[in-house]
Amino acid sequence: MADFTGQDLSGARFRTVRLAGARFHDVDFHRARMRGVWLSDVDIDGEVRNLVINGVDVAPLIEAELDRRDPRRPLMRPTTPDGYVTAWEVVERIWAETVDRARRLDPALLHERVDDEWSFIETLRHLVFATDAWVRRGIQGDPSPWHPLDLPWDGMTPTPGVPWDRDARPALDDVLALRADRMSGVRDVIASLTPESLAAPTAPARGPGWPAEGDSYPVSDCLLTVLNEEWQHRLYAERDLAALESR
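Residues numbered from 1 in each chain as written. Predicted model: local features only at pLDDT ≥ 70, side-chain atom pairs only at ≥ 80, totals over all residues. Heavy atoms only, no water.

An unreviewed UniProt entry lists the protein chain under the name DinB-like domain-containing protein, with Catenuloplanes niger given as the organism.

As structure tokens, this is what we get:
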């Protein structure tokens with residue numbers, strides 16, 4: 001079986017190639033062109049924009065269907081301070097429900113990966129990292145906000161000072177205590193928002209980390225990133241908890 005892990009195949013051409021049963025994870029398909037393909041029984045999960053299939057941009061159709069399925073989803077795209085307050089209340093409520101579901105499982109299963117995706121504990125650790133990166137470092141300007149249990153995404157380049165412990169197996173309650181602290185911090189930041197502060201740029205990041213040194217973003221972009229992380233990773237967690245429950 002061919003393995004292209006870590007390879008740069010930008011600009012590559014595939015002609016008369018069989019990819020049946022292939023798996024793609026953390027793959028960049030920007031500006032890809034596919035002609036004369038057979039696409040059936042395919043499962044795609046990711047950020048989809050400007051995806052034209054047989055002349056139809058299906059991305060807006062997908063977004064509309066996802067919003068229809070869960071009316072809370074559009075709340076994750078707020079534009080006002082009050083909208084962010086509402087969105088974060090939803091995040092806290094739905095994650096509490098997911099945690100209650102996880103507690104009903106054997107604790108050992110919460111460290112188990114389903115289909116090579118993050119375990120439930122790893123998911124929570126990654127969300128701590130996302131909050132530390134985009135709120136504590138990005139918005140609040142702490143150059144090194146990390147906790148030892150922070151878990152960056154798998155494709156991040158190892159960075160001095162940023163935790164990278166893939167083997168940690170903390171107890172659920174320990175991770176939830178850390179999550180509660182970080183979620184409370186986000187709640188406080190959102191409660192203090194004004195239209196002016198929401199639109200303001202962050203100070204350039206200092207020192208090694210993520211966001212990268214020198215990067216600056218509108219405060220709204222930082223918070224939208226956190227909301228998206230919270231929403232999407234809960235969906236993944238619910239999917240994987242269902243698989244664990246089925247055993």
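Colleague: Go over unusual backbone geometry, please, and point to the residues and values.
Modeller: Omega for the peptide link from W210 to P211 comes to 0 degrees, which places this bond in the cis form. Even without glycine at this site, R31 takes up a positive phi of about 60 degrees. Mapped onto the elements of the fold, R31 is located in the segment before strand 1 (52-53). (Helix = DSSP H or I, 4+ residues; strand = E, 2+ residues; numbered from the N terminus.)

Colleague: Give me the lowdown on the packing of helix 2 (residues 81-103) against helix 6 (residues 219-245), citing residues and values where you can.
Modeller: Where helix 2 meets helix 6, the closest approach of the two axes is 10 Å, and the angle between their N-to-C directions is 20 degrees. In terms of axis orientation, helix 2 runs roughly parallel to helix 6. In this structure, helix 2 meets helix 6 at a crossing whose hand is left-handed. Partitioning the contact of helix 2 with helix 6 into residue classes produces 15 nonpolar, three polar and six charged. (Axes fitted to C-alpha atoms, helices over the stretch in contact; angles between N-to-C directions. Parallel < 35°, antiparallel > 145°, perpendicular 65-115°, else oblique. Left-handed = near helix turned anticlockwise from the far one by under 90°. Nonpolar A, V, L, I, M, F, W, Y, C, P; charged D, E, K, R; others polar.)

Colleague: Pulling in residues and values, what's your account of the side chain of R234?
Modeller: Take R234: it is sitting in helix 6. Taking relative accessible area as the criterion, R234 reaches 8% and is therefore assigned buried. In this structure the side chain of R234 is engaged in a polar contact, spanning 3.2 Å, whose partner is the backbone oxygen of I94. If we skip the residues at most four places from it in the chain, R234 touches R72, I94, W95, E97 and T98. (Buried < 20%, exposed > 50% of the residue type's maximum accessible area, 1.4 Å probe, protein only. Polar contact = N/O pair within 3.5 Å; in protein donor to acceptor, adjacent residues only side chain to side chain. Contact = heavy atoms within 4.5 Å.)

Colleague: Before we move on, can you summarise the pattern of salt bridges with the specific residues and values?
Modeller: Scanning the entire structure with this criterion turns up 23 salt bridges. Across the pair R49 and E47 runs a salt bridge whose closest N-O atoms are separated by 3.0 Å. For the pair formed by R49 and E47, the shared burial category is exposed. Between E65 and R68 there is a salt bridge; the shortest N-O distance is 2.7 Å. Note that E65 and R68 are positioned in helix 1 (residues 59-69) at a spacing of three residues, about one turn of the helix. Classification of R68 by relative accessible area gives exposed; the value is 56%. Each of the salt bridges in this network shares a partner with another, and the network as a whole consists of E63, D67, R73 and R77. (Salt bridge = Lys/Arg side-chain N within 4 Å of Asp/Glu carboxyl O.)

Colleague: Explain the packing of aromatic side chains to me, using residue names and the numbers behind them.
Modeller: Within this structure, the stated rule accounts for six aromatic pairs. On the basis of an interplanar angle of 65 degrees and a centroid distance of 5.6 Å, the ring pair of F24 and F29 is categorised as edge-to-face. Given the relative accessible area of 48%, F24 is considered partly exposed. Note on W95 and F120: the rings are 6.3 Å apart at their centroids and 50 degrees apart in plane angle, and the pair reads as tilted. A residue pair is termed long-range when its members are at least 10 positions apart, and W95 in helix 2 and F120 in helix 3 (residues 120-139) qualify at 25 residues. According to the relative accessible area criterion, W95 is buried, its value standing at 3%. Since its relative accessible area comes to 5%, F120 is described here as buried. (Phe/Tyr/Trp six-rings, centres within 6.5 Å; stacked < 30°, edge-to-face > 60°.)

Colleague: How would you summarise the UniProt feature "domain: DinB-like" (unreviewed entry) in the protein chain if you had to cite specific residues and measurements?
Modeller: As annotated in UniProt, the feature "domain: DinB-like" (unreviewed entry) corresponds to residues 92-236 in the numbering used here. The span residues 92-236 carries 52% helix and 0% strand; its end-to-end C-alpha distance comes to 16 Å. (UniProt positions renumbered as here; feature names shortened; annotations may be inferred.)

Colleague: Could you give an account of helix 4 (residues 172-191), naming the residues involved and the relevant values?
Modeller: Here helix 4 spans 28 Å end to end across 20 residues, near enough to the 28 Å set by a 1.5 Å rise per residue. All of the buried residues in helix 4 are L172, V175, L176, L178, R179, R182, M183, V186, V189 and I190. Down the axis of helix 4, the sector holding all buried residues measures 160 degrees, keeping them to one side. Looking at the buried positions of helix 4, the neighbouring elements they touch are helix 2, helix 3 and helix 6. (Expected span 1.5 Å × (residues − 1). Arc of directions from axis to C-beta.)

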